[in-house]
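Here is how the chains run, residue by residue.
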Amino acid sequence: MHDFKLDATAVVTGGSSGIGLATVELLLAQGSRVALCGRNPERLEQAVKQLLERHPEARERLFAQACDVLDAEQVQQFARASEAALGPASILINNAGQGRVSTFENTSDEAWTEELHLKFFSVLHPTRAFLPQLERGEGSAIVCVNSLLASQPEPHMVATSAARAGLKNLVRSMATEFAPKGVRVNGILVGLIESGQWRRRFEAREDRSQSWEQWSAELARKKSIPLGRLGSPAEAARAIFYLATPLSSYTTGSHIDVSGGLSRYA
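Sequence order as written defines the numbering, with residues in each chain counted from 1. At least 70 in pLDDT is required for a residue's local features to be given in this predicted model, at least 80 for side-chain atom pairs to be given and counted, and no such filter applies to totals for whole chains, interfaces and linings, which use all residues. Hydrogens and waters are ignored; side-chain quantities use all the structure's heavy atoms.

The name an unreviewed UniProt entry assigns to the protein is 3-oxoacyl-[acyl-carrier-protein] reductase FabG, from the organism Comamonas testosteroni. Here the protein is described in UniProt, under the heading Sequence similarities (unreviewed entry), as follows: "Belongs to the short-chain dehydrogenases/reductases (SDR) family." UniProt positions are given in the numbering used here, feature names are shortened, and annotations may be inferred rather than shown by experiment.

Next comes the structure, spelled out in structure tokens:
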């Protein structure tokens, strides 16, 4: 991939941390112009600072704006601003938010509504806002970051599992509808990926003698992950990069499993 240069404008929602940030960094490293957004202005500013420290040559290729993807007007404004700064987007990475731990018994109507709204509209709003730009480009692509829960639900995450399954179905529908427009739509299904949430659980561990490597390997064993470890945001980002670029030019309506072998579905 080191000699693969990508002359394109990419947009990454939720780009200030985790998989989103790793994806922004990979796109920048491969020569792309990248617009990223996030809800938290301070975290976004810190992400931009970190990116420019690593890629000082990318200052003119990077645009960031605080934006709540659940607010349709904010997303439309972000789309206009990013196009003005970097040109029309030909890549959109929909990087939806966190999961909700709850069972059928203890999930209220309000929690169901909130979870379904988050998972769907965090994709619907950016896709609507950027689709006109994507349609004007060549080889345009949308990639939705999804969870293994979409195909392998967990009873302790019932609302998130259902919403993730709906998003997987939506990717297939959009892929079929957008194909005549020249826009591919795919997704990734992530398993356990190293994140701030797992790092906080590590910091609260009972056995203080355990290193991160030991603690996370024990977690992987308990979760029955065949590769014996958690994934890294960079590993998820590489799968996203493949689906977002001409490397996967004949692929649409599909998903790449990034779960270390955790998946048990056929």
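### Some details on the pairing of strand 4 (residues 91–95)
Counting buried positions along strand 4 yields five of five residues, so the element is predominantly enclosed. Partly exposed residues are those whose accessible area sits between 20% and 50% of the maximum for their type, while under 20% is buried and over 50% is exposed, using a 1.4 Å probe and protein chains only. Elements are defined by DSSP. Helices are runs of H or I of four residues or more, strands are runs of E of two residues or more, and each kind is numbered from the N terminus. Side chains Ile91, Ile93 and Asn95 project from strand 4 onto one buried face, and the interleaved Leu92 and Asn94 project onto a second face that is buried too. Pairs of strands are assigned from DSSP output, requiring at least two bridges between the strands. The pairing of strand 1 (residues 9–13) with strand 4 spans three bridges and is parallel. Looking at strand 4, one finds that Val11 is bridged to Leu92. Both strand 4 and strand 5 (residues 140–147) contribute to a ladder of five bridges, which runs parallel. Each bridged residue has a counterpart across the sheet, and for Asn94 the counterpart in strand 5 is Cys144.

### What about the layout of surface pockets?
Whether a set of points on the 1 Å grid over the protein atoms alone is a cavity depends on a 1.4 Å probe fitting there but being unable to get out, while an open set qualifies as a pocket with protein on both sides within 12 Å along at least five of seven lines; lining residues are those with an atom within 4 Å of a point. Grid points are joined across faces, edges and corners, and a volume is the space filled by probe spheres set on the points. Considering only enclosed or pocket space, the second largest pocket measures out at about 150 Å³ in volume. In terms of lining, the second largest pocket is formed by Leu192, Ile193, Ile225, Leu227, Arg229, Leu230, Gly231, Glu235, Val258, Ser259 and Gly260. Start and end positions for the domains come from either an automated domain assignment or a database one. Looking at which domains feed residues into the lining of the second largest pocket, each of domain 1 (9–193 + 233–254) and domain 2 (197–230) supplies at least three.

### Quick notes on the nonpolar core
Only buried residues count toward a nonpolar core, which is a set of Ala, Val, Leu, Ile, Met, Phe, Trp, Tyr and Cys residues joined through side-chain atoms within 4.5 Å. Core analysis: the biggest nonpolar cluster contains 36 residues, and Val24, Leu62, Ile93 and Ile188 have the highest contact counts within it. Two residues qualify as a contact provided that any one of their heavy atoms is within 4.5 Å of a heavy atom in the partner residue. The contacts of Ile188, once residues within four sequence positions are left out, are Cys144, Val145, Asn146, Ser147, Ala236, Ala239, Ile240, Leu243, His255, Ile256 and Val258. Within the second largest apolar cluster, 28 residues are counted, among which are Cys67, Val69, Val171 and Val183.

### Section: the packing of helix 1 (residues 18–29) against helix 8 (residues 233–244)
Running from N to C, helix 1 and helix 8 point in directions that differ by 60 degrees, and their axes come no closer than 8 Å. By the criterion of interaxial angle, the relationship of helix 1 to helix 8 is oblique. Our pair here, helix 1 against helix 8, has a crossing hand that is right-handed. Between helix 1, through Gly18, Ile19, Ala22, Thr23, Leu26 and Leu27, and helix 8, the contact on the second element is made entirely by Pro233, Ala234, Ala236, Ala237, Arg238, Ile240 and Phe241. A fitted line through C-alpha atoms represents every axis, and for helices the fit uses only the stretch in contact; the resulting angles, taken between N-to-C directions, go from 0 to 180 degrees. What sets the label is the angle itself: under 35 degrees gives roughly parallel, over 145 gives roughly antiparallel, 65 to 115 gives roughly perpendicular, and the rest give oblique. For a crossing to be left-handed, the near helix must be turned anticlockwise from the far one by less than a right angle; the clockwise case is right-handed.

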